[in-house]
Amino acid sequence: MEVLQAASIDNDIMYENAPLLSVSTKKFTTIELFAGAGGLALGLEKAGFNTIGLVEIDKDASNTLRANRPKWNIVNDDIANISHLDLEGFFNIQKGKLGLLSGGAPCQAFSYAGKRLGLEDARGTLFYHYAIFLQKLQPKTFLFENVRGLLTHDRGYTYQTILDIFASEGYRVQSELLNAWDYGVAQKRERLIMIGIRKDLIGNMHIDFPTPHEYKPVLRDILSNVPPSAGSQYADHKRKIFELVPPGGYWRDIPEDIAKEYMKSCWHMGGGRTGILRRLSLDEPSLAVLTSPSQKQTDRCHPLEARPFTIRENARIQCFPDDWEFMGSVGTQYKQIGNAVPVNLAFEVAKKIYEGLDKI
């Protein structure tokens, strides 16, 4: 079996809990919505932001946040129960003084009564509550992250409505699709990043998107000395088939009769079906970490062993520090990690927002 050795990387990769660059001793405040297990929040913290509130409906994810950051103000509740409150009093922050509102609501189609494309059209969606927070608190900046599919969701109407609502609330928005692999993350994972600046501040500040790193890490760089942890296993039949798949290979790299029997109806589907029986290589980045460790059409088998990645291996791929504990069952831990924003990507974006705020 090949022995893993970490490569020497001249970047701020955090896999071994290495400290990231400090941009300033000054702290700007942030509130995060749909906080999950803390990938985005960790990146913001490391960029210098002072987190004064996080809203998360999932109990296990909220417990993860509490276990790791007991001093954070974590609100484990449905955002619909919070957005209608006096948010200034609830979070002890004066309107207009919050440095950053962050988070990313799940993709949902809007209504189009009269094609107004305004806030009322977003009622009934989770994004509506993000927009209400924006309206009530009027932060200096906001960060709204989402999946690539938001750009084309509902024929582009969802994205356009979001842009129109942000503009109506008084923000200039810039958007860019960023791949985490360009920013110190050993994973191909695209996220749509939308940054808003309150219009009265536009003349005094500018925010750039982060510049891609020259070196892009691969699994070999991060999978050495991973702490032991729980992890899912393949059934014996599937494990024996995966033992036939070479690192970097998939179903086409094993005998056709075995692949055909395993794939069943998928054998006759169109497309490359490259996610079926996919085994990763140490010399490539991971595919996007998913919420479940083993799904037939989206397998991510470990490069050296015929098994899925463990909890801590997935956490490494998502750039969580090794001492970041996840609460709940093994299944919910996988889900929390898979739903997270990679910490290093969050840090790179947050650092640019912090630099912009530091200029005013």
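Everything quoted here is computed from the prediction, not taken from an experiment.

Peer 1: Give a detailed account of the overall build of the protein chain, specifying residues and quantitative values.
Peer 2: Summing up its helical and strand segments, the protein chain has 11 helices and 7 strands in all. For the protein chain, the spread of C-alpha atoms along the three principal axes comes to 65 × 50 × 35 Å. In the protein chain, which comprises 360 residues, the share counted as buried stands at 54%. Accessible surface computed for the protein chain: about 15,400 Å², of which carbon and sulfur atoms make up 48%. Positive and negative side-chain charges of the protein chain, numbering 42 and 43 respectively, have mean locations separated by a distance of 3 Å.

Peer 1: Tell me about the sheet that holds strand 3 (residues 74–75), and name the residues and values.
Peer 2: An order of 3-2-1-4-5-7-6 is seen for the 7 strands of this open sheet, with the pairing classed as mixed. If you trace the sheet from one side to the other, it starts and ends with strand 3 and strand 6 (171–179), each paired once. In this sheet, strand 3 lies alongside strand 2 (residues 50–55) in parallel orientation, the contact comprising 2 bridges. Bridge assignment links Leu54 to a residue of strand 3, and that residue is Ile74.

Peer 1: Give a description of the pairing of strand 5 (residues 141–146) that names residues and reports values.
Peer 2: Sheet faces and side chains relate simply in a regular strand, where the side chains alternate between the two faces. Extensive coverage of strand 5 is indicated by the burial of 6 of its 6 residues. On strand 5, burial covers both faces: Thr141, Leu143 and Glu145 on one face and Phe142, Phe144 and Asn146 on the other are all buried. Sheet topology note: the strand 4 (residues 100–103)/strand 5 ladder contains 4 bridges and is parallel. Looking across to strand 5, one finds that Leu101 is bridged to Phe142.

Peer 1: So what's going on with the pairing of strand 4? Which residues, and what values?
Peer 2: Judged by which residues are buried, strand 4 turns out to be covered on both faces: Leu100 and Ser102 on one side and Leu101 and Gly103 on the other are all buried. Pairing between strand 1 (residues 29–33) and strand 4: 4 bridges, direction parallel. Bridging across to strand 4, Thr30 finds its partner in Leu100.

Peer 1: Summarise helix 1 (residues 39–47); cite the residues concerned and give the values.
Peer 2: Of all the 9 residues making up helix 1, 7 are buried; the element is thus mostly covered by neighbouring parts of the structure. Where the residues of helix 1 are buried, they touch strand 1, strand 2, strand 4, strand 5 and helix 11 (343–357). The first or second residue beyond helix 1 is Gly48, which carries a positive phi of 115 degrees.

Peer 1: Let's hear about unusual backbone geometry: which residues, and what values?
Peer 2: Its identity is not glycine, yet Leu277 carries a phi of approximately 55 degrees, on the positive side. Secondary-structure assignment places Leu277 in the loop between helix 8 (256–263) and helix 9 (311–317). We note that Cys319 has phi near 70 degrees; this positive angle belongs to a residue other than glycine. Looking at where Cys319 falls in the secondary structure, it is placed in the loop between helix 9 and helix 10 (330–339). When its relative accessible area of 0% is taken as the criterion, Cys319 is described as buried.

Peer 1: Quick one: what's the story with the confidence of the model for the protein chain, residue by residue and with numbers?
Peer 2: Low pLDDT marks regions whose predicted coordinates should not be analysed in detail. This prediction gives the protein chain a mean pLDDT of 90; 90% of its residues lie at or above 70. Below pLDDT 50 for its whole length, residues 6–24 participates in 46 contacts with residues either more than four positions away or in separate chains.

Peer 1: Explain the environment of Glu88 to me, using residue names and the numbers behind them.
Peer 2: Topologically, Glu88 is positioned in helix 4 (residues 87–91). Looking at Glu88, the relative accessible area reads 32%, which means it is partly exposed. Placed 122 residues apart in sequence, Glu88 and Pro210 show a C-alpha to C-alpha distance of 31 Å. Of note is the side chain of Glu88, whose polar atom sits 2.9 Å from the backbone nitrogen of Lys95.

Peer 1: I'd like a description of the nonpolar core, backed by residues and values.
Peer 2: Membership of the largest hydrophobic core comes to 55 residues, with the highest contact counts inside it found for Phe49, Leu143, Ile195, Phe320, Phe326, Val349 and Ile353. Going through the elements one at a time, helix 1, strand 7 (190–198), helix 9, helix 10 and helix 11 are the ones with two or more residues in this core. Considering every element that reaches this core, the biggest residue donor is helix 11, with 9 residues. Non-local contacts of Phe320, meaning those with residues more than four positions away in its chain, are made with Ala37, Gly38, Gly39, Leu42, Ala315, Phe326, Ala340 and Val343. Counting residues in each nonpolar core, the second largest holds 34 residues, with Leu33, Ile52, Phe144 and Tyr159 among its members.

Peer 1: Describe the packing of aromatic side chains, with residues and values.
Peer 2: Taken as a whole and judged by the stated rule, the model has 18 aromatic pairs. Arranged with centres 6.0 Å apart and planes meeting at 85 degrees, the rings of Tyr250 and Trp251 form a pair that is edge-to-face. A residue is classified by how much of its surface remains accessible, and Trp251, at 5% relative accessible area, is buried. An aromatic cluster is present here, built from Phe127, Tyr130, Phe142, Phe144, Phe166 and Tyr171 joined pairwise through their rings. A cation over an aromatic ring shows up here: Arg69 above the ring of Trp72, its NZ or CZ 5.8 Å from the ring centre. Across from the ring centre of Trp181, 4.1 Å away, lies the NZ or CZ of Lys216, which sits over that ring.

Thresholds applied
- Residues numbered from 1 in each chain as written.
- Predicted model: local features only at pLDDT ≥ 70, side-chain atom pairs only at ≥ 80, totals over all residues.
- Heavy atoms only, no water.
- Helix = DSSP H or I, 4+ residues; strand = E, 2+ residues; numbered from the N terminus.
- Buried < 20%, exposed > 50% of the residue type's maximum accessible area, 1.4 Å probe, protein only.
- Areas by Shrake-Rupley, 256 points an atom, 1.4 Å probe, with all protein chains shown as cover.
- Lys, Arg positive; Asp, Glu negative; His and termini not counted.
- Charge placed at Lys NZ, Arg CZ, Asp CG, Glu CD.
- Pairing = 2+ DSSP bridges.
- Contact = heavy atoms within 4.5 Å.
- pLDDT = per-residue confidence, 0-100.
- Polar contact = N/O pair within 3.5 Å; in protein donor to acceptor, adjacent residues only side chain to side chain.
- Core = buried A, V, L, I, M, F, W, Y, C linked by side-chain atoms within 4.5 Å.
- Phe/Tyr/Trp six-rings, centres within 6.5 Å; stacked < 30°, edge-to-face > 60°.
- Lys NZ or Arg CZ within 6 Å of the ring centre and 35° of its normal.

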